[in-house]
Amino acid sequence: MNNAVNNGDDGIWSGTWVAERLGVELVGDDALTGLLGLALRRNPKRAHLLVSNVLGKHVPQSPSVVHGHGFALGRRVRELLGAEETAEAVVLGYAETATGLGHSVADGLGTAPYLHSTRRPVAGVAQAGGFEESHSHATSHLLLPEDPALLVGDGPLVLVDDEFSTGNTVLNTIRALHERYPRRRYVVVALVDMRSAADAGRLDDFAREIGARVDLVTTASGTVRLPAGVLEKGQELVARYEAAGVASGNRSAAGARGTARQATTDPHPDDDRARRTQPPGRMSRVDLFWPRGLPDGGRHGFTPKHRARLETALPAMTARLAEAIPEGAARVLVLGFEELMYAPLRLARELEQVVAAEVRYSTTTRSPVLAVDDPGYAIRSRIVFPAHDDPADGPGERYAYNVAGSGFDAVVAVVDSVADTRELHAPGGLLSQLAAHTPHVVLAVVPSYVPEPLYAAALSEERPAMLPEPLRGPAFSSYPPEEVGWLLQDLSDVTLEAPTEEREEAIQSGGAHYAESLPVEYQPSEQYQELFHAALETSAARIAQAVGVVTETVIAERSPRPVLVSLARAGTPVGVLMRRWAQFRHGLDLPHYAVSIVRGRGIDANALRWLAAHHDPRDVVFVDGWTGKGAITRELAAAIEEFEAGGGAAGFDAEIAVLADPGSCVRTYGTRDDFLIPSACLNSTVSGLISRTVLRADLVGPNDFHGAKFYRELAGTDVSVAFLDAVAARFPEVADAVGGAVKELLASDRTPSWEGWRAVERISEEYGIHDVNLVKPGVGETTRVLLRRVPWKILARAGAGADLDHVRLLAGQRGVPVEEVGDLPYTCVGLIHPQFTRGATGADGKAVAV
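Asks: A description of helix α17 (residues 605-614) should follow, citing residues and the corresponding values.
Replies: A large share of α17 lies buried, amounting to seven of its ten residues. The inward-facing, buried residues of α17 contact β22 (563-568), β23 (592-598), β24 (602-603), β25 (620-626) and α18 (631-645). Where α17 begins, one side-chain oxygen reaches toward the backbone nitrogen of N606, 3.0 Å away; that side chain belongs to D604.

Asks: Describe the pattern of salt bridges, naming the residues involved and giving the relevant values.
Replies: For the structure on display, the rule yields 41 salt bridges. Linking E96 and K57 is a salt bridge whose minimum nitrogen-to-oxygen distance equals 2.8 Å. With a gap of 39 residues between them, E96 in the loop between β4 (90-93) and α4 (99-109) and K57 in the loop between β3 (48-52) and α3 (63-86) connect regions that are remote in the sequence. Overlapping salt bridges, with partners in common, bring together E483, R579, R580, D589 and D725 in one network.

Asks: Quick rundown of the nonpolar core? Include the residues and the values.
Replies: Ranked by internal contacts, the top residues of the largest apolar core, which has 136 residues, are L40, V158, I174, V189, Y377 and L434. Here the element with the most residues in this core is strand β9 (residues 185-193); it accounts for seven residues. Residues contacting L434, with those up to four places away along its chain left out, are L335, I383, V403, V411, A413 and V441. Grouped together as the second largest cluster of nonpolar side chains are 109 residues, Y593, V623, Y669 and F710 included.

Asks: Go over the side chain of S539 with me, naming the residues and quoting the values.
Replies: Tracing the backbone shows S539 in helix α15 (residues 526-557). If sequence neighbours within four positions are ignored, S539 has contacts with L676 and P678.

Asks: Account for the pairing of strand β10 (residues 213-225), with residues named and values stated.
Replies: Here strand β1 (residues 25-28) pairs with β10 via four bridges, running antiparallel. Within β10, the position partnered with V27 by the bridge is T223. By the bridge criterion, eight bridges tie β9 to β10 in an arrangement that is parallel. Bridge pairing links V192 to A220 in β10.

Asks: Before we move on, could you go through the environment of H300 and cite the residues and values that matter?
Replies: With respect to the helices and strands, H300 occurs in the loop between β11 (282-286) and α10 (304-324). For H300, a relative accessible area of 4% translates into the label buried. Separated by 175 residues in sequence, H300 and V125 place their C-alpha atoms 8.8 Å apart. Look past the residues within four positions of H300 in its chain and what remains in contact with it is L115, V122, V125, L144, P145, E146, Y449 and P451. In terms of polar contacts, H300 uses its side chain to reach the backbone carbonyl oxygen of L144, at 2.8 Å.

Asks: Which residues make up the environment of E358, and what values go with them?
Replies: Residue placement: E358 occurs in strand β13 (residues 358-364). A distance of 2.6 Å separates a polar atom in the side chain of E358 from a polar atom in the side chain of R331.

Asks: Could you give me a rundown of the packing of aromatic side chains, with the residues and numbers involved?
Replies: Evaluated as defined, the whole model comprises 13 aromatic pairs. Judged by centre distance (6.0 Å) and plane angle (75°), the rings of F476 and W486 are edge-to-face. In this pair, F476 is assigned in the loop between β17 (440-446) and β18 (485-486) and W486 in strand β18, connecting sequence segments ten residues apart. Residues F476 and W486 agree in their burial class; the two are buried. Plain terms: the ring middles of W581 and F731 are 4.9 Å apart, the flat faces sit at 80° to each other, and that makes the pair edge-to-face.

Asks: Help me get a handle on helix α16 (residues 571-586), residues and values and all.
Replies: In this model α16 runs 22 Å from its N-terminal to its C-terminal C-alpha over 16 residues, within 8% of the 22 Å that 1.5 Å per residue would give. With twelve of its 16 residues buried, α16 lies for the most part within the structure.

Asks: I'd like to hear about the confidence of the model for the protein, residue by residue, with values.
Replies: Counting all residues, the mean pLDDT for the protein is 83, and 86% of those residues have values of 70 or more. Per-element mean pLDDT across the protein ranges from 35 in helix α9 (residues 269-277) up to 98 in β13. Counting contacts from residues 837-850, a segment whose pLDDT is below 50, to residues more than four positions away or on other chains yields 28 contacts.

The rules we used
- Residues numbered from 1 in each chain as written.
- Predicted model: local features only at pLDDT ≥ 70, side-chain atom pairs only at ≥ 80, totals over all residues.
- Heavy atoms only, no water.
- Buried < 20%, exposed > 50% of the residue type's maximum accessible area, 1.4 Å probe, protein only.
- Helix = DSSP H or I, 4+ residues; strand = E, 2+ residues; numbered from the N terminus.
- Contact = heavy atoms within 4.5 Å.
- Polar contact = N/O pair within 3.5 Å; in protein donor to acceptor, adjacent residues only side chain to side chain.
- Salt bridge = Lys/Arg side-chain N within 4 Å of Asp/Glu carboxyl O.
- Core = buried A, V, L, I, M, F, W, Y, C linked by side-chain atoms within 4.5 Å.
- Pairing = 2+ DSSP bridges.
- Phe/Tyr/Trp six-rings, centres within 6.5 Å; stacked < 30°, edge-to-face > 60°.
- Expected span 1.5 Å × (residues − 1).
- pLDDT = per-residue confidence, 0-100.

Dropping the structure here:
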């Protein structure tokens, strides 16, 4: 295939096979056979299918060629209309085949907003019109503009389709729209005008009937001569070849019903054998960081401002795609998804400019077409898979043509988030079918744009303020930008630190909340840093296994495409590790964010609103490092309930996934052992140099995220990435153990017993504290007490070994006694000084050294 046309092997026209068997003739402009091939469709209304070589639907083509043809048509329309009318024009494209072509025509006009019809109803969006496509297998078209005024006005309406055959679809559209939104001028645009002589005069008659001007702009024109009985002959031919089922064109694995439906008279057993013996391709996922609020296409309207935003964002998004393509790939296909044609096309066109590989572009489709592996036939191979976007007309087969057997070293599948479902990832789904035919499959998901009314606060008369994009490294945190997005505001320039003793006195006296200030960052001694590294070396494999177990549990039970949301900051390193495991084990590139939750104040509601606007709340999985007594577990459950009761989006699951659950507070965990997690040994220097979160009324307004600081000045002692790398390096050696542990865990009873909470209540009373908030159970929480609060004493389980070396060191530095206890359900428990004032004594009457 060259950049302009596809004439098959050895210059054979890709309509020869059909022409010879059915007597179909394509006559007209010299360019016609270069633009079109022929195939046979499974359709009771029309036997043949005109297959465009430059549309980017059925035939993989250079994205520059595809976009260039539409853009050139747009330029011709602009010349036809003149500057004044072009400025008032609106472009309307047809689903699904011409959605990308219509976008490209609008690009050529330059200033025209664009809308395409859709077969996907969208809840909450009013229908502004609709029409039927008489010859199609799926007929209902909906018009769902976000702004109904888009179709109102007297400027020209430019209607774009891939071919103008009988004219019925276009005339039906104009008639329906003209009754509701009359205007003076229409322009019909198509790649090819294939009307018969009988149909040619209908356009002028129709224009006179409605009292408007109707122009036609096409790249080429001609007609299809069909002999008598061609429909019956075509149907018989399709049935015969499908029944034979011997095609090497059948390069797909079993489709939605597990049956092959292609045949050929020219089998190529070498191709088929290569497919059977080739191992499944590697699958990975790349986050495009698609701009917030930018529509994924013209389903609800796409304005010149949207186009300008897309142009600005394309280079960075394309760079991420380029990084995901394996080195040495010679041929790469960017595969769009049904109506989602333009975004993949523009990504492919940019990719073509920045990689050495030959880049091609096509999309999946609803259209059932016979595949015949013959150089004179336009559809050489077919991949069959189940629909994966929960279509309104029910489940069914979908297809990708001319992908199998085309020698692509990588396929980049671009879908919208509505289509990123279990069916997409399931065995027999699109991704696994592609993996049978290419060494590398990359998935990129574009957020499905839904107009603002669905997200507006139901109880507010005013539109809420727009929330900012997540903060990312290196501007905020020492983590790479793809590892985590922080749904926080940067308070690095605000002085928030106070001496530990002053903070404790203010907190316990009720004069301040612990989240209104920050402790002075603990600077570890050389001895303590050595202890951290020794503990990491000892426990890295144990942590890696727990990471694998909790991640596999999440993917199996919660969502095949979870959105990880860490509770900042202890949860953040765990969230990053879970994201890395998903990439290591499944090739998934999971979104990961960090949000603030504050005991007594709840979770950041603005962060939840941002998440609901960008992801399905049902896919959100909250992540934390460990459980102690379960206070944050309860806090999150109450906060989610309050958020929904106040009109927030429904669907968030309040259960937390944790690395360690010694308190038996959750069902999703990596282990219930209370052991040393080295990320608990330090503060910001193991958590991306980010402080704990801050919530103070004078700094955080009603439309702000909670705050935090980025301690850039501590970069010299930062071990955040080193910690992640050390644990991730152990993933391969624990992979088998993780598999066995997950099977055992999923079959067990994981109902939380809340054993930890009962133990804390007992300790609080036994030691005369009478406040469970001052009892911090577990290795992680005890470490936090020693680093951030005024500790009173440490309770250690008798016989606890190296897991408590760092606790004993810190306790010795602060003069805090360590008391061994025989029946402690945790490895250790930290007790905060009760009723603290500077110079105070504890419940036993003894002064505490601080």
